[in-house]
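# Coordinate inspection notes
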Amino acid sequence: MSMDLLERDAARDLITSTLVRAGGGTGATLFVRGDPGIGKTRLLGWAAREAGKRFMVVRAVGHEMETAAPYAMVHQIAAAMHGASSSPAKDLLNASATLRALLTGPKVGETRGAAAPPPVREEIAYAFHWFLASVAEQVPVLLLLDDLHWSDPDSLEVLRFCAWRAHTGALASICGIRSWPPAATRLADRLHGADRAAVLDLMPLTMQATGTLLTRIVDQELPSEQMRAAHVATGGNPLLVEELGRFWSLRDGTAALSPITDASHRTLVVSHLEGLPAESMRLLEAAAVLGDPCTLSEALAVAEVDADAFDRAIAPIALLRLFTVQTLEGEFRHPLLRQIVYDNIAPVRRRHLHRRAAELFRGMTAPATRIAWHVALAAESGNARDVADLRRAARESSSVSAHDSAAFYLRHAADISPPGEQRAEILHELGCEQQLSDAHREASDTFARAAGEASDPRTISQINQSLAFSLTILGESDIARQRLLESITQLAPLDPRAAVEPAIALVVLEITSSRGVMEPIHAGESAVRLAEASGDPVWQGKAKSVWGYAAGFAAVPGTFPMVLKIGQEIPDAPDRVETLWGWSPRFTAGIVAMLTGQYAQAVPLLEQGVAAVHTGSAQHPKILRCAFLAGCYWQMGRLRDAYRLSSEWAMLLEAQPWATSLAKIFETFTLMDIGELDAAVESLQGAQETAARIGFQQAVAFCHVANAVLTARRGRIPEAARLFLQIVPMLDQAELGEIDVFHWMREATDVLVQADELVAAQDLVERMMRFVASSDPERRGLHGVALRCSALLAAKQGDVERAEGAFRQALALHETSHEALEYGRTLLAYGSWMRRAGRPKKSREILRRAVAIFEQCGSTYWRRMGEFEYAAANGRLRTGDAGNLSRLTPQEHRVAELVAQDLTNRQIAASLLISPKTLETHLRHIYEKLQADSREQLKAAFTAWSQGAQAAVGYPAV
């Protein structure tokens, strides 16, 4: 009888099509939505039987008690896959450091040591999708996720990420959900709207099907009046139809039917409870409060029933078949039955039972998250112990990057805290967790509430800094600016030292909110005055550092050297500005060193800055710092390193739009130089959308530059020249820093010269030369680029002597600038000009060196340009095994590098978040390109190439 799926033919057809799609390699997600008892679980069971042995069937069930347990659903899925016989998942789980940190480290609720911080949720999502997709390449996977509405929100976000990408693999997910709680149904509708999932709404049985099912249960024909009454009483809910039939049989002791007098279907279950002994009722209520499954010892303790009375208490319950007992555990036959029993408990009694459960688990030293769940449902206003339990559970959740779960506990803690400073502190913590989940609208509302509760100006200042950050992300920088000014005004007369931090935050806001170059300078001057009044040398250094960074873009003399000096002197002491915005004196010094071409200083400072937040939870500092380091690698010609970093920050969801747009611009230029033009188009689109949404004019301007350069790289020089001529006035009005102006003029001049727009090119060259004349003579790379542009223009104008001199001067400067790609571009330009000037023999050595540098940099685009010119000069490139290594794609090069480090295939796949099958494809291509027959030959080829790179180029290794 329980296997009957009356009136579910359409549902079975949809499940079948889902399995067929997944089995064919086109993954699919299906949400089966309906009321409790409507038949979702039975359909999922039917799907498991239909999948048979063709799929690895993985079951997981959401539980109400785990709605705030960090990654509870993810843990279930991974445990089920790991435990499956002959499962390919075991090695994959062991290979992934990210999943190991989450799943094989401290369990849910346990405290994680500070020495082993967890991966952030976005990294977990990427790693978990890699894990599922990798298993699905070996055997199709069917995830059956029942009662997903009870999933913890952090697992829901991970599953959303996986469902979004499931369409490219043999992965099927069939999820049973209710409309409430609403998070899962919102997820289903969101994925359905994006055509990433199907949603099936199960309808109640018709009167005819209700009668058919009831007839089978009671084993006799029913009069039409009884069928109609049964349908009204049960609402066509299959579970309640069964309960009705069982109720009739149990009450009369026969199959004789009793009249129905109450249309409330909950009464059908509640009627079963009438006449139960008091100890049986207490045991059943305790089990409902503890949730499924519960240990019998816990249920007895909460119910206050003696162990020797257990048999008497359980016998009537077992007879009703509401609750089943297996050895030491028991659970309700269906979640709806538990919910009805739970709802039938009087509110005062229910709170008492939750309080008993919390005390029981406290005595067992259970995880704080387990205690806090019951505390949340029985918390007493003003109870300090309850507040402490909830905050401890929030800290445990946050320690594993389960920020939504942490927010759940903090909301309850705030609700029962008395008004005042403590509630303000808890609300601030809540807002910070919402920030870390990218829920910045909710976070800003929470911070506003927190500021209203606080009275201490220092506390208000901390809250306002957090609020300003979220408001800036939401595009409300004017309100953010006002909040910071309020804090500065309040604190300045009371405690100048405390006022410095919001003052520095205001400078960073001005830098990132696109109001020109002067506003950050004015804000920085104010921060420096406050810092000097405080007498604190550390805050003085921090204030001068951020002011110097802003002033350097306005060409204020001596500011950049000052920033570099401060970055080396001020010790690391993280504050709210660094935690939220990612700015610190040391990292700022790294940026300045990069901008001024002092790469020997820039690289370690920027790499230290990235490492300092690599294991943190905030997204913005990660994206910001990875973006600047990627930009530094790009300028040095370390394109493979820039590509690797771009891949790393791309795993993070969009955080502060300013950082995201900047990072995507760096990525766009890197991809263009590598030669991945289609990927560059996609990255540029992301940068344009983000920059336009927040009105970030500098980023919008650079997107226009990138678009023009991309047009030129595709060979459409006249069109690219028209684009540059159109955007030059806009670029002049964008209030870009002098260095930024120089970079776009470099690209524009190259295009305009090729397009014979010599008047416009002449103007840009003169501007570049004026900039070089007024800049630091140590910035040799910029000098070399300016001279290259001057040489290109002179060559086009037919001035051979001036072109020759400018090219030679440029190359002399490049040899010590550590900007390998620019050196290669100048060699290419010089060699190409010499070939066209009728000197092919002399051009060949120059072009050969250019090609060697491009190979070392990883620039497929420029290498092909160099090879074309070299061939035109009658040159023949010698391509041995090591030379062929430069023909690898960036991803293939990274694979070869990891092979050379003796990593196993599974470790490499986990490190790069690619499936084992994709890795095998990469390796096959690598072996073919290197003409290698074994792993040892591959390692030898890579090692030889790495060691010989510097000698082959005659230039410092990049």
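Note that the structure is predicted; figures quoted are calculated from it, not measured.

## Concerning the environment of Phe-868
Turning to its location among the elements, Phe-868 is positioned in helix 44 (residues 860-872). Along the backbone, Phe-868 and Ser-832 are 36 residues apart, and their C-alpha atoms lie at a distance of 9.8 Å.

## Considerations on the pattern of salt bridges
Oppositely charged side chains may form a pair once their charged atoms are brought near each other. The full count for this structure, using the stated rule, is 52 salt bridges. In this structure, the salt-bridge partner of Glu-425 is Arg-391, at a minimum N-O distance of 2.8 Å. Of this pair, Glu-425 sits in helix 21 (residues 421-436) while Arg-391 is found in helix 19 (residues 384-399), placing the two residues 34 residues apart along the sequence. Residue classification places Glu-425 among the partly exposed residues on the basis of a relative accessible area of 42%. Residue Arg-391 is classed as buried on the basis of its relative accessible area of 12%. One salt bridge connects Glu-822 with Arg-746, and the closest N-O pair in it is separated by 2.4 Å. With Glu-822 in helix 42 (residues 820-836) and Arg-746 in helix 38 (residues 738-754), this pair connects stretches of sequence that are 76 residues apart. Classification of Glu-822 by relative accessible area gives buried; the value is 7%. Salt bridges sharing common partners tie together Arg-355, Glu-359, Arg-362, Glu-380, Arg-385, Asp-386, Asp-389 and Arg-392.

## Overview of the sheet that holds strand 2 (residues 56-61)
What the five strands build is an open sheet, ordered 2-3-4-1-5; its pairing is parallel. Looking at the sheet topology across the chains shown, the edges are occupied by strand 2 and strand 5 (198-201). Going from strand to strand, the sheet's axes swing by 15 degrees on average, the running direction of each strand aside. As paired elements, strand 2 and strand 3 (residues 141-146) share six bridges and run parallel to each other. Within strand 3, the residue paired with Val-58 across the bridge is Leu-143. Sitting on the sheet, helix 2 (residues 40-51) is in contact with strand 1 (28-33), strand 2, strand 3 and strand 4 (171-177), with an inclination near 165 degrees to strand 3. Set on the sheet, helix 8 (residues 182-193) makes contact with strand 1, strand 4 and strand 5; between it and strand 1 the angle comes to about 135 degrees.

## Observations regarding the packing of aromatic side chains
Going through the model one piece at a time under the given rule, you end up with 17 aromatic pairs. Between Phe-408 and Tyr-409, the aromatic rings sit 5.1 Å apart at their centres with planes inclined by 80 degrees, giving edge-to-face as the arrangement. Plain terms: the ring middles of Trp-634 and Phe-669 are 5.3 Å apart, the flat faces sit at 35 degrees to each other, and that makes the pair tilted. On the criterion of sequence distance, the pair formed by Trp-634 in helix 32 (residues 619-636) and Phe-669 in helix 34 (residues 657-674) is long-range, its members being 35 residues apart. Trp-634 gets classed as buried once you look at its relative accessible area, which sits at 11%. With relative accessibility at 7%, the residue Phe-669 sits in the buried group. Taken together, the ring pairs connect Phe-587, Phe-628, Trp-634, Phe-666 and Phe-669 into an aromatic cluster.

## Describing the side chain of Ser-843
Of note, Ser-843 is situated in helix 43 (residues 840-857). Ignoring any residue separated from it by four or fewer positions in sequence, one finds Ser-843 in contact with Gly-831, Met-834, Arg-835 and Ala-873.

## Considerations on the environment of Ala-871
Inspection of the secondary structure assignment puts Ala-871 in helix 44. A relative accessible area of 47% means that Ala-871 is categorised as partly exposed. Taking the C-alpha atoms as reference points, Ala-871 and Arg-844, 27 residues apart in sequence, are found 8.8 Å from one another.

## Quick word on the packing of helix 9 (residues 207-218) against helix 10 (residues 224-234)
It is at 9 Å that the axes of helix 9 and helix 10 come closest, and there the two elements cross at 100 degrees. Considering the angle they form, helix 9 stands roughly perpendicular to helix 10. Of the residues in helix 10, those touching helix 9 at Met-207, Gln-208, Thr-210, Gly-211 and Leu-214 are Met-227, Arg-228, Ala-230, His-231 and Thr-234.

## A closer look at the confidence of the model for the protein chain
Mean pLDDT over the protein chain: 85, with 89% of residues reaching 70 or higher. Here residues 253-265 scores under 50 on pLDDT; set against residues more than four positions off or in separate chains, the count is 30 contacts. In this model, residues 949-958 is a region of pLDDT below 50 whose contacts with residues beyond four sequence positions or in other chains number 27 contacts.

## Some remarks on helix 47 (residues 905-912)
Among the residues of helix 47, those classed as buried are Ile-908, Ala-909, Ala-910 and Leu-912. Just beyond helix 47, the residue with positive phi is Leu-913, at close to 55 degrees.

## Points about the sheet that holds strand 8 (residues 329-332)
Strand order in the open sheet formed by three strands is 6-8-7, with antiparallel pairing between adjacent strands. The open sheet is flanked by strand 6 (294-295) and strand 7 (323-326), the only strands paired with a single partner. Sheet topology note: the strand 7/strand 8 ladder contains four bridges and is antiparallel. Within the sheet, the bridge partner assigned to Phe-323 lies in strand 8 and is Phe-332. Taken strand by strand, helix 13 (residues 278-290) contacts strand 6, strand 7 and strand 8, and its axis lies near 85 degrees from that of strand 8.

## Focus: the packing of helix 23 (residues 457-473) against helix 25 (residues 496-512)
Helix packing geometry: the angle between the two helix axes and the distance between the axes. Where helix 23 contacts helix 25, the axes come no closer than 10 Å and their chain directions differ by 10 degrees. On the basis of their axis angle, the class for helix 23 and helix 25 is roughly parallel. Of helix 25, the residues touching helix 23 (which contributes Arg-458, Ser-461, Gln-462, Gln-465 and Thr-472) are Ala-498, Glu-501, Pro-502, Ala-505 and Leu-509. Here the contact of helix 23 with helix 25 is built from residues that sort into four nonpolar, four polar and two charged.

## Focus: helix 46 (residues 890-900)
Burial analysis of helix 46 places eight of its 11 residues in the buried class, the great majority of the element. One or two residues past the end of helix 46 sits Asp-902, with phi positive at roughly 70 degrees.

Here is what the cut-offs are and how they apply
- Residues numbered from 1 in each chain as written.
- Predicted model: local features only at pLDDT ≥ 70, side-chain atom pairs only at ≥ 80, totals over all residues.
- Heavy atoms only, no water.
- Helix = DSSP H or I, 4+ residues; strand = E, 2+ residues; numbered from the N terminus.
- Salt bridge = Lys/Arg side-chain N within 4 Å of Asp/Glu carboxyl O.
- Buried < 20%, exposed > 50% of the residue type's maximum accessible area, 1.4 Å probe, protein only.
- Pairing = 2+ DSSP bridges.
- Axes fitted to C-alpha atoms, helices over the stretch in contact; angles between N-to-C directions.
- Contact = heavy atoms within 4.5 Å.
- Phe/Tyr/Trp six-rings, centres within 6.5 Å; stacked < 30°, edge-to-face > 60°.
- Parallel < 35°, antiparallel > 145°, perpendicular 65-115°, else oblique.
- pLDDT = per-residue confidence, 0-100.
- Nonpolar A, V, L, I, M, F, W, Y, C, P; charged D, E, K, R; others polar.

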